[in-house]
Amino acid sequence: ERLQLLAESYLDMMHELLQSNDLFFQTMAANSFVAFAELEEDSPPYHRQYDFCIERFAAMCLVKHSVSGYIESRQSGLRALRGVVHKVGPEGGDLWESDHLNMIIPAFLINMQDHAHNVDLEGEGDNDLASLAEVGLKELIAAASLVHANAILHPVLEHFDL
C-alpha cells in the first residue's frame, strides 16, 4: 500500500512537469515515466488513468522542426508512449480507447514518415526517430488483441487517407 502511494505521488510530480510549457521539463517527465514504466508492480495498475500523459507524450512527438530541441522532445515522447504501452499492457482498457489510439498511432506514423530519410540528422540506432517510432508501433500492435484491431487500423487508414 505504501508503494502504491509512492507511485501515485511520483505520477503527480510527473504530471506537474508535463503541464509546463518548457520542453526541458516535459522531457524530464517523459524520461521519468519511462523509468517508472520499467518497474514491475505487485498488483496491476488498473485504477490508474494515463489520459493526460498520453496526450502530452503524443504532443511531444509532434513538436515542430523549428523548435529548439525538437529531436530530444520527439525521442522522449516516443519512448514515453512505448512506456505507456508497456505499463498498461493488453488488459489496460483506457489505452485501447479510440481517442488514445487516435493520438498514439499518428505520433508514431508521422515520426516514421518525417524521418525515414533523415537518418543523418539523428544518427543510427536507438536515437533515430523513425526507428523509435517503428519499434513503438510494433510493440503497440503486439500488445493488442484481435478485439482492438479496428481501433488500431482506423487511425492508420485515416493517416494514409484510405
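In what follows, the structure referred to is the one given above.
Our subject in this report is the structure included herewith. (Residues numbered from 1 in each chain as written. Predicted model: local features only at pLDDT ≥ 70, side-chain atom pairs only at ≥ 80, totals over all residues. Heavy atoms only, no water.)

1. Some thoughts on the environment of Lys 64
Heads up, the condition is: Helix and strand definitions here come from DSSP, where helices need a minimum of 4 consecutive H or I residues and strands a minimum of 2 consecutive E residues; each element is numbered from the N-terminal end.
Relative to the elements of secondary structure, Lys 64 occurs in the loop between α3 (51–61) and α4 (70–88). Note: C-alpha distance between Lys 64 and Arg 74 (ten residues apart in sequence) is 9.4 Å.

2. Points about a negative patch on the surface
What counts, and what does not: Each patch groups residues whose relative accessible area exceeds 30% and which form no salt bridge, using 9 Å between like charges and 5 Å between nonpolar side chains of Val, Leu, Ile, Met, Phe, Trp and Tyr. Surface accessibility in these figures is a Shrake-Rupley result with a 1.4 Å probe; residues are shielded only by whichever protein chains are displayed. Within this document, salt bridges are pairs made up of a side-chain nitrogen of Lys or Arg and a carboxyl oxygen of Asp or Glu, the two lying within 4 Å of each other. In this charge count, Lys and Arg are treated as positive and Asp and Glu as negative; neither His nor the chain ends contribute. Working definition for charges: the position is that of NZ of Lys, CZ of Arg, CG of Asp or CD of Glu. Think of it in three bands: with a 1.4 Å probe and only protein chains considered, a residue is buried below 20% of the maximum accessible area for its type, exposed above 50%, and partly exposed in between.
Judged by side-chain charge, Asp 51, Glu 55, Glu 97 and Asp 99 come together as a negatively charged surface patch. Since its relative accessible area comes to 43%, Glu 55 is described here as partly exposed.

3. Brief notes about a nonpolar patch on the surface
A cluster of nonpolar residues, Phe 24, Phe 25 and Met 28, forms a patch on the protein surface that exposes about 290 Å² of accessible area. With a relative accessible area of 53%, Phe 24 lands in the exposed category.

4. Structural notes on the nonpolar core
To keep things clear, this is the line we draw: In these notes, a set of buried Ala, Val, Leu, Ile, Met, Phe, Trp, Tyr and Cys residues joined through side-chain atoms within 4.5 Å is what counts as a nonpolar core. In this description, contact between two residues means that some pair of their heavy atoms is separated by no more than 4.5 Å.
Judged by nonpolar contacts, the single largest core of 42 residues is most densely connected at Phe 33 and Phe 57. Of all the elements in the fold, those that place two or more residues in this core are α1 (2–18), α2 (23–38), α3, α4, α5 (98–115), α7 (129–143) and α8 (149–159). Sequence-distant contacts of Phe 33, that is, excluding residues within four places in its chain, are made with Leu 11, Met 14, Tyr 50, Phe 57, Ala 80, Gly 83 and Val 84.

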